[in-house]
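Results of the structural survey
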Amino acid sequence: MTAIIQAENLGRWYGEVVGLGDLSVEIEPGITGLVGPNGAGKSTFMKLMVGELRPARGQLTVLDKVPFGNRALHRQLGFCPQQDALYEHQTGRQFVRDLLRLGGWSRREADVLAVRAMERVGLEDAMDRKVNGYSKGMRQRTRLAQAIAHGPKLVIADEPLTGLDPIARRQTLDLFRGLAEDGCSVVLSSHVLHEVESLTETIVLIHRGRLLAQGSVRDVRRLISRHPSRVELVARDPRRLATALLPLEHIRTIKLGADPGTLTVETDDIAAFHSAFAGVAASAGAGVSGFKSDDASLEAVFDYLVG
Amino acid sequence: MNLLTELPRATWLIFRMHLASTAASRRALAGILFAAIPPLFAFLAMTIGGSNEGGERVFMYLGVLVLLQVVAPALGVFLGIGAIADETEARTITYPFTRPIPRASVFLGRWMASLLVLTVLLLASGAGVAAITMGAEGGTSPEAATALIGATLIAGVLYSLGAAVIGVIFKRGQVIALGYAFAFEVMLANIPGSAQKLSLQYYLRSLFAGGDSADWRSLEVFSRAEFIESSASAERLLITAAVLLAVGCITVTRKQFVLSS
């Protein structure tokens, strides 16, 4: 598959602050999650991808084009920025329509597309209200609407789920899935990892401006197979449960939690732990009431990778 | 679409997008108050002051010292500086810059929206002064009034354009633009001798200083300068405007605007 985004030794500084250190990565079509903690360089990478900034070093192509000031690329690109900024004097519909007009659409076409986009993000009832009266989530969805309204080949969304209530978050995730089904690639960033995980298996992990890992969650897990998997347990008698689990061969550590009744188990073989746990817990009679394995979650992967 | 067809189209769309918000902005509201100053002064001069100097002289002094030298630069800076600076401050510049339009159109469209508001304010202010001073004894002639108001509008174009360019280049450009307009320009324009030729004010005054009446000829004495022909002056102001436009467009096309998240 041809990569839609290719970065090679990409670097960008803000004065003496490193926004992006030395990033080499290829992103293929589909939905890709760009994850990393705050300050990892996700937003800088996205600003480079959409041509808002120029790299200080290295090379970057998006849809085979150099992004900065590239009008041909901007026809194929939709960008939902992180900053909560809109033209406050406009309604949501006007905002999306006027930006569509800049893309070359006629007034009538732009209006139809704007309405369609606002409906798609669930703002059809509010689209004729001024955006300065919108809630944070509505503003976020308006930003998303302008990014998808013109039917781009690639949507780049910086923290698009921030500020959304659970229903809107679900709608937005569905929207991204829908875009992908329509053949549109999506690159979205998040530091709330489970949100990305629920949307895509393909992730790019960035930390301190560098690529930490790339691939599916399972690929990344394989890369770090030397690290243990973690299971959080809640039990009436956690000490008894710990004593019962300790003889298992694959158990690496057991830690009693700060909260009463909690303990965290680290195991080198999560599958073996899963099959043995029920029997051990039953025979120990420790009253297990909670079991949370984050074996495959991005949170666990990320925690392990960044130490 | 190529650049030559896309630039005017996108400029027009940006202009329309921002005209209403520019007209209703705090900058414009402050501009209304500022624009009211010259007519107020004219009224005071013609009523309380008794207009013993004659309408034309009052118009000339108010026109040159207040309208042209203070109000036009001040409004030009206040309204012009926001062309790109307001977009970066509000962090909305991402939107037009990720659209398939020439970046220069954002600069041009927003500046033109500011310019229209500015022109209306300056025109109202100048016409107000002219109307108040025209009716009195020794009132100014319509030709002289038109020439000075015309020069004021040209001043608005140049100062707002200069401020817009400064706003593109510098992050906190307002201080620099005001410094230029009210320190550098005022100093140069009022120092007797050829140093005046380094100021915009000199060329702006040259546009109307060749009036027929003694009052208008006295401007040369008052300014302690030898003004050039109005056509030569217009030519230099046009070149200045063209250079500023080119610098603004090129800078906005090449510059990276780093926005805080």
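The rules behind the values
Just so you know, the residues in each chain are numbered from 1, in the order the chain's sequence is written. Just so you know, chain letters begin at A and ligand numbers begin at 1, following the order they were written in. This being a predicted model, a pLDDT of at least 70 is required before a residue's local features are given, and a value of 80 or more before pairs of side-chain atoms are given or counted; all residues contribute to the totals for chains, interfaces and linings. For side-chain calculations, the full set of non-hydrogen atoms in the structure is used, while hydrogens and water are omitted. Note on terminology: a nonpolar core comprises buried Ala, Val, Leu, Ile, Met, Phe, Trp, Tyr and Cys residues joined through side-chain atoms within 4.5 Å. For every residue, the accessible area obtained with a 1.4 Å probe (protein chains only) is divided by the maximum for its type, and the residue is called buried under 20%, exposed over 50%, and partly exposed between those limits. Here, two residues are considered to be in contact whenever any of their heavy atoms come within 4.5 Å of each other. The secondary structure listing takes helices from DSSP runs of H or I that are at least 4 residues long and strands from runs of E that are at least 2 residues long, numbered from the N terminus. Joining two parts hides part of their accessible area as seen by a 1.4 Å probe, and the buried area is that hidden amount summed over both. Here a polar contact is recorded for every N or O atom pair within 3.5 Å, except that within protein the pair must consist of a potential hydrogen donor and a potential acceptor, and residues adjacent in sequence are included only if both atoms are side-chain atoms. Side-chain classes are defined by residue name, with Ala, Val, Leu, Ile, Met, Phe, Trp, Tyr, Cys and Pro counting as nonpolar, Asp, Glu, Lys and Arg as charged, and the others, Gly among them, as polar. pLDDT expresses, on a scale from 0 to 100, how confident the predictor is about each individual residue. All axes are obtained by fitting lines to C-alpha atoms, using only the stretch in contact for helices, and the reported angles, taken between N-to-C directions, cover 0 to 180 degrees. To sort the angles, those under 35 degrees are grouped as roughly parallel, those over 145 as roughly antiparallel, those from 65 to 115 as roughly perpendicular, and the leftovers as oblique. For a crossing to be left-handed, the near helix must be turned anticlockwise from the far one by less than a right angle; the clockwise case is right-handed.

Quick look at the nonpolar core now. Formed by 106 residues in total, the largest nonpolar core has its most connected members in Val96, Phe176 and Leu179 of chain A together with Ile84, Phe107, Leu204 and Val252 of chain B. The contacts of Ile84 of chain B, once residues within four sequence positions are left out, are Ile93, Val106, Phe107, Val168, Val252 and Phe257 of chain B. Ranked by size, the runner-up nonpolar core spans 27 residues in total, among them Ile5, Ala40, Phe45 and Val62 of chain A.

A separate point is helix H1 (residues 42-49) of chain A. In an α-helix, one turn spans 3.6 residues; hence positions three or four apart end up facing the same way. Residues and elements named next belong to chain A. Burial analysis of H1 places eight of its eight residues in the buried class, the great majority of the element. The set of residues buried in H1 consists of Lys42, Ser43, Thr44, Phe45, Met46, Lys47, Leu48 and Met49. Gly51 occupies a position one or two residues after H1 and carries a positive phi of about 80°.

In this section: the interface of chain A and chain B. Listed by partner, the interface residues are 36 residues for chain A and 35 residues for chain B. Roughly 3,100 Å² of surface becomes buried between chain A and chain B when both sides are summed, with 55% attributable to carbon and sulfur atoms. When the buried surface of chain A facing chain B is broken down by residue, Arg71, Tyr87 and Leu102 of chain A rank first, second and third, together holding 26% of it. At the boundary of chain A and chain B, one finds 12 residue pairs in polar contact (both at pLDDT 80 or more). At the level of secondary structure, the elements contributing two or more residues to the side of chain A that touches chain B comprise strand S1 (5-14), H1, helix H2 (71-76), helix H3 (92-102) and helix H5 (136-148) of chain A. Among the elements that make up the side of chain A that touches chain B, the one with the highest residue count is H3 of chain A (six residues). A breakdown of the residues in the side of chain A that touches chain B according to their chemical character gives 14 nonpolar, 11 polar and 11 charged.

To continue, consider the confidence of the model for chain A. Low pLDDT marks stretches whose predicted atomic positions should not be read closely. The predicted model of chain A averages 88 in pLDDT, with 92% of residues at 70 or higher. Put simply, helix H11 (residues 298-306) of chain A is where chain A has its lowest mean pLDDT, 60, and strand S6 (residues 154-157) of chain A is where it has its highest, 97.

What follows deals with the packing of helix H8 (residues 142-169) of chain B against helix H9 (residues 173-190) of chain B. Residue and element names in this part refer to chain B. The N-to-C vectors of H8 and H9 enclose an angle of 140°; their axes lie 8 Å apart at closest approach. One way to sum up the angle between H8 and H9 is to call them oblique. Both H8 and H9 take part in a crossing whose hand is right-handed. Contacts between H8 and H9 pair Tyr159, Ala163 and Ile166 from the former with Gly173, Ile176, Ala177, Tyr180 and Glu185 from the latter. Partitioned by chemical class, the residues of the contact of H8 with H9 number six nonpolar, one polar and one charged.

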